[in-house]
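Each chain, letter by letter, is given below.
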Amino acid sequence: MALSDLSLNQIQLFLQAAEFRSFTATAAYFHTTQSAVSKSIAGMESALGFPLFHRGRGQLTLTEPGQYLSERWQGLMGSLTAAVQEAERRWQDRQVRLTIGVPDSLDSGWESPYLSEFQRRYPEVELNYHVVPANQLLPRLETGALDAVITGFYETPVVERMGFSWKACATAPNLAIMHRSHPLAGWKTLRMEDLRDQELLMLSPMKNASYFEYVYRRCAQHGFQPKFQTLLPGFRSMMEALLRTHRGIILSTRFMFEADNPELRCPEIECTRTGMILVWKGKEPPDPLRQLIRAFPTAEKPPAL
């Protein structure tokens, strides 16, 4: 008989039945039926070529070879269980966790190919994602609550003032995001000057000064001050207001939450580039953070404002 004729499950059932001296109790222990246990033991006996139990009326006792196997296999199963537990401990000791902060304005999935490749190459690293308002990302990175953050390029002045390191990981044109009923919705591309007399939906500078300054400076470069329809507390509230009222324009990118909504139109703004950056603390990050940073391709940096 080849050992491969027996399964680990069969051996476990046999050892429990040898301890309980009852197929019924063994079935209850493994949450199965008495018939399934009986068939499994019978299959073992057929494969071995000798009986493991004497089956009397209301009584179950081990045969001599059954007793021998019970004693030997108990020790082997104990060693097997201990080996699995030790392997699990070694894996847990090797397991590393990285916590990545992602802005709630970000459309889910844009970075997934890079992160999926990272997980394939480093399965021992557990990635945890915290989706939070954009203005909370850098403070949480500063306190150590996050290992790295993904945020908009408009945050680079603050990132550098705080002494963080960063790399551009995605670059794209600015979009003028508007409802499909907007007078400019039929244009494929716009110039910044086309927004001169348009009302913009804007984040409150009290909630996100970096974005507010970014838009203000972008407009100033083209000789006008932006007209704000309303000031809102977050990117999602901006998009919700646009979809609800059909009024105003949001200056953002294709990465923004709901930017692909069929109710919206998103003409590109000519001669503008912006994007997303990956930010971390320290000039020499430890592994596996260094490996995560390398997983993101280095994009061309948008022009400085």
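Small disclaimer: the values here were computed from a predicted structure and weren't measured.

Examining the overall build of the chain
Now for step 1: Counting its regular elements, the chain contains 10 helices and 14 strands.
Now for step 2: Against the 2.2 N^0.38 benchmark of 19 Å for 305 residues, the chain shows a C-alpha radius of gyration of 32 Å, more extended than a compact globule.
Now for step 3: C-alpha atoms of the chain, sized along the principal axes, occupy 100 × 45 × 30 Å.
Now for step 4: The buried share of the chain, reckoned over its 305 residues, is 46%.
Now for step 5: Look at the contacts in the chain between residues 6 or more apart in sequence, and 74% of them connect residues 24 or more apart.
Now for step 6: Carbon and sulfur atoms form 51% of the exposed surface of the chain, whose accessible area is close to 16,300 Å².
Now for step 7: Across the chain, the centroid of the 33 positively charged side chains sits 2 Å from that of the 32 negatively charged ones.

So, the nonpolar core
Now for step 1: In terms of nonpolar packing, the biggest core is built from 34 residues, with Ile177, Leu195, Tyr211, Val215, Phe235 and Ile250 touching the most fellow members.
Now for step 2: Residues contacting Phe235, with those up to four places away along its chain left out, are Ser105, Ala134, Tyr154, Leu203, Asn208, Tyr211 and Met256.
Now for step 3: Within the second largest apolar cluster, 22 residues are counted, among which are Val102, Phe118, Met276 and Leu278.

Points about the packing of aromatic side chains
Now for step 1: Per the stated rule, a full pass over the model turns up 14 aromatic pairs.
Now for step 2: With centroids separated by 5.7 Å and ring planes inclined at 90°, the aromatic side chains of Phe23 and Phe53 adopt a geometry described as edge-to-face. Here Phe53 lies in strand S1 (residues 53–56) and Phe23 lies in helix H2 (residues 23–29), a separation of 30 residues in the sequence.
Now for step 3: Residue classification places Phe53 among the buried positions, given a relative accessible area of 3%.
Now for step 4: Measuring from centroid to centroid gives 5.9 Å for Phe153 and Trp166, while their planes differ by 70°, and the two rings are edge-to-face. One end of the pair, Phe153, is in the loop between strand S5 (148–152) and helix H7 (156–161); the other, Trp166, is in strand S6 (residues 165–172), with 13 residues separating them in the sequence. Both residues of the pair, Phe153 and Trp166, belong to the buried class.
Now for step 5: Following the ring pairs from residue to residue traces out a cluster consisting of Phe14, Phe23, Phe53 and Trp73.
Now for step 6: The ring of Phe257 has Arg236 sitting right over it, with the charged end atom 3.7 Å from the ring centre.

Thoughts on helix H3 (residues 34–48)
Now for step 1: The terminal C-alpha atoms of H3, which comprises 15 residues, lie 21 Å apart, in line with the 21 Å expected from a rise of 1.5 Å per residue.
Now for step 2: Burial in H3 covers these residues: Val37, Ser40, Ile41, Met44, Glu45 and Leu48. Within H3, the buried residues cover an arc of 135° as seen down the axis, which keeps them to one side. Turned more than 90 degrees off the buried face of H3, the exposed positions are Lys39 and Ser46.
Now for step 3: Looking one or two residues beyond H3, the residue adopting positive phi is Gly49, at roughly 90°.

Quick notes on the rules
Residues numbered from 1 in each chain as written. Predicted model: local features only at pLDDT ≥ 70, side-chain atom pairs only at ≥ 80, totals over all residues. Heavy atoms only, no water. Helix = DSSP H or I, 4+ residues; strand = E, 2+ residues; numbered from the N terminus. Rg over C-alpha atoms; globule rule 2.2 N^0.38 Å. Buried < 20%, exposed > 50% of the residue type's maximum accessible area, 1.4 Å probe, protein only. Contact = heavy atoms within 4.5 Å. Areas by Shrake-Rupley, 256 points an atom, 1.4 Å probe, with all protein chains shown as cover. Lys, Arg positive; Asp, Glu negative; His and termini not counted. Charge placed at Lys NZ, Arg CZ, Asp CG, Glu CD. Core = buried A, V, L, I, M, F, W, Y, C linked by side-chain atoms within 4.5 Å. Phe/Tyr/Trp six-rings, centres within 6.5 Å; stacked < 30°, edge-to-face > 60°. Lys NZ or Arg CZ within 6 Å of the ring centre and 35° of its normal. Expected span 1.5 Å × (residues − 1). Arc of directions from axis to C-beta.

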